[in-house]
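# An overview of the molecular structure
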Amino acid sequence: MLKVGLTGGIGSGKSTVAKIFETLGIPVFDADAVAKTIMHTNAAVKTAVIHAFGEAAYKDEQLNRKYIADIVFKDPFQLEILNSIVHPATMQAAEDWFQCQKAPYVIKEAALLFEAGSAAGLDLIIGVTAPQHVRIHRVMQRDSVGRQEVLTRMGRQIDNSIKMRLCDVVLVNDGIEAILPQVLALHEQLLKQANNDCTYA
C-alpha cells in the first residue's frame, strides 16, 4: 500500500482535490480535522494545552478556539508550543489509521505536512497550487476575512514555491486548467505504481 501525502498552501484547493480522491474510493486522512478532534478529546493533549495557555483554553469542556487563535496567531513562539503539543498525537493517529487501511494507496491530507515534520514515511507527496491572488480571493470569500488577514495566515506557512519544490507531483488548481482530469490521471498512475509494488513485494 502506497502512503501518499497531499498538501498545499491556504486557498490552494487541496481539500477539493482530497474530495475527488475520496469519490474515487481512496481513503483520505484529514490531519487538520483530526488535530481539532484530538484537542477536544485527548486528555493528555487537553492537559498540556491548559498548562501552556491557561484554564481559559477550554470553555464548557470545549476548546476555546477564539482564545487560542488570539494567542497563537499573533505570536509564532506560542504557535510552535501549540504545534508541539498537537502534532505528535496527530502523527500517531495517522500511523494507527494507516494500519487499518486496505486500499492500493491512501492519502494523508495536511496543510502543514512539511512544517510539522509529518512527511516522513510517505512514498509520494502531491502538492496543490494556485496563484497567490487566486488563493487570497478564495480565502476571503470562504472565511469572510480581509486581505491582510489572509496574508497573515499565509505568512505562517512556508513559502508556496518552496513547498511545491518539495512535492513529487504538483497539481494546478488555478480555475483555468481543469483539476479533475489532473486528479484522474494521477489516480491511474498511483494505482499502477501500487500494483507494481505489490508485484515485486
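Whatever comes next refers back to the structure up there.
Residues numbered from 1 in each chain as written. Predicted model: local features only at pLDDT ≥ 70, side-chain atom pairs only at ≥ 80, totals over all residues. Heavy atoms only, no water.

### Re the overall build of the chain
When its secondary structure is counted, the chain shows nine helices and seven strands. For a compact globule of 201 residues, the expected C-alpha radius of gyration is about 17 Å, and the chain comes in at 18 Å, within 12% of that figure. Taken along the three principal axes of its C-alpha coordinates, the chain extends 55 × 40 × 25 Å. In the chain, of all internal contacts separated by at least 6 residues, the share reaching a separation of at least 24 is 72%. As presented, the chain carries roughly 10800 Å² of accessible surface, and 55% of it is formed by carbon and sulfur atoms. Averaging the locations of the 20 positively and 22 negatively charged side chains of the chain gives two centres separated by 4 Å. (Helix = DSSP H or I, 4+ residues; strand = E, 2+ residues; numbered from the N terminus. Rg over C-alpha atoms; globule rule 2.2 N^0.38 Å. Contact = heavy atoms within 4.5 Å. Areas by Shrake-Rupley, 256 points an atom, 1.4 Å probe, with all protein chains shown as cover. Lys, Arg positive; Asp, Glu negative; His and termini not counted. Charge placed at Lys NZ, Arg CZ, Asp CG, Glu CD.)

### With respect to helix α1 (residues 14-23)
Every buried residue of α1 is listed here: K14, V17, A18, I20 and F21. Angular distribution of buried residues about the axis of α1 spans 155°; they occupy a single face of the element. Pointing more than 90 degrees away from the buried face of α1 are the exposed residues K19 and T23. Backbone geometry just after α1 places G25 at a positive phi near 90°. (Buried < 20%, exposed > 50% of the residue type's maximum accessible area, 1.4 Å probe, protein only. Arc of directions from axis to C-beta.)

### Brief notes about the pattern of salt bridges
For the coordinates displayed, the defined rule picks out nine salt bridges. Residue R142 pairs with D143 through a salt bridge whose shortest N-O separation is 2.9 Å. Judged by its relative accessible area of 54%, R142 falls in the exposed class. By relative accessible area, D143 is classed as partly exposed at 29%. With a shortest N-O distance of 2.6 Å, D143 and R153 are connected by a salt bridge. One end of the pair, D143, is in helix α6 (residues 132-143); the other, R153, is in helix α7 (residues 147-154), and ten residues separate them in sequence. Ionic contacts of the salt-bridge type, sharing partners, join the residues R142, D143, E149 and R153 into one network. (Salt bridge = Lys/Arg side-chain N within 4 Å of Asp/Glu carboxyl O.)

### Section: the packing of α6 against α7
Contact pair α6 / α7: the axes reach a minimum separation of 9 Å and the direction vectors enclose 115°. The orientation of α6 relative to α7 falls into the category roughly perpendicular. With respect to the hand of their crossing, α6 and α7 are arranged in right-handed fashion. Counting all contacts with α6, which are made through Q132, R135, I136, V139, M140, R142 and D143, the residues of α7 involved are R147, V150, L151, R153 and M154. (Axes fitted to C-alpha atoms, helices over the stretch in contact; angles between N-to-C directions. Parallel < 35°, antiparallel > 145°, perpendicular 65-115°, else oblique. Left-handed = near helix turned anticlockwise from the far one by under 90°.)

### Observations regarding the side chain of K14
Along the polypeptide, K14 turns up in helix α1. With relative accessibility at 9%, the residue K14 sits in the buried group. A polar side-chain atom of K14 sits 3.0 Å from a polar atom in the side chain of E109. (Polar contact = N/O pair within 3.5 Å; in protein donor to acceptor, adjacent residues only side chain to side chain.)

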